[in-house]
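As a plain string of letters, each chain reads:
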Amino acid sequence: MRPARQATPQHLEHFREGVAEGRTPITRWATPEELMGITAPALLIHGRDDRVVHFESSLELVSLIPDFRLVLLNRCGHWAQWEHAAEFNRLVTDFVTHN
């Protein structure tokens, strides 16, 4: 077991409970109705090869948040801001500038 998991085993247990109850990574923290009520523009940059949070979680958000923009980066894992720093910064700057 990795040191982080050993230090906080309750996090892994909470994750397992959520999966068993049919909750997705998204609906663990907000209901679909709450997400549909978001009126602010939203941007999510997600790595296609993310092994921590599957990109389908982002697709779920696209279907729920009315003004939502998703950028899916190929050859990118969980840390888009490091793995594709220049593109990440450009996307965020453009989004903030125009929203």
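Not measured: the values here are computed from a predicted model. (Residues numbered from 1 in each chain as written. Predicted model: local features only at pLDDT ≥ 70, side-chain atom pairs only at ≥ 80, totals over all residues. Heavy atoms only, no water.)

Engineer: Quick rundown of the pattern of salt bridges? Include the residues and the values.
Structural biologist: Counted according to the given criterion, the structure contains 1 salt bridge. Put simply, Glu87 and Arg90 hold a salt bridge, and the shortest N to O gap is 3.8 Å. On the criterion of helical spacing, the pair formed by Glu87 and Arg90 is a turn pair, its members being 3 residues apart in helix 6 (residues 85–98). Among the residues examined, Glu87 registers a relative accessible area of 29% and is labelled partly exposed. Residue Arg90 is classed as exposed on the basis of its relative accessible area of 53%. (Salt bridge = Lys/Arg side-chain N within 4 Å of Asp/Glu carboxyl O. Helix = DSSP H or I, 4+ residues; strand = E, 2+ residues; numbered from the N terminus. Buried < 20%, exposed > 50% of the residue type's maximum accessible area, 1.4 Å probe, protein only.)

Engineer: Pulling in residues and values, what's your account of the packing of aromatic side chains?
Structural biologist: Here a ring pair, both rings aromatic, is described through the centre-centre distance and the interplanar angle of the planes. Within the structure shown, the criterion is met by 1 aromatic pair. Seen in terms of ring centroids, Trp79 and Trp82 are 5.2 Å apart; in terms of plane orientation they differ by 20°. Their pairing is stacked. (Phe/Tyr/Trp six-rings, centres within 6.5 Å; stacked < 30°, edge-to-face > 60°.)

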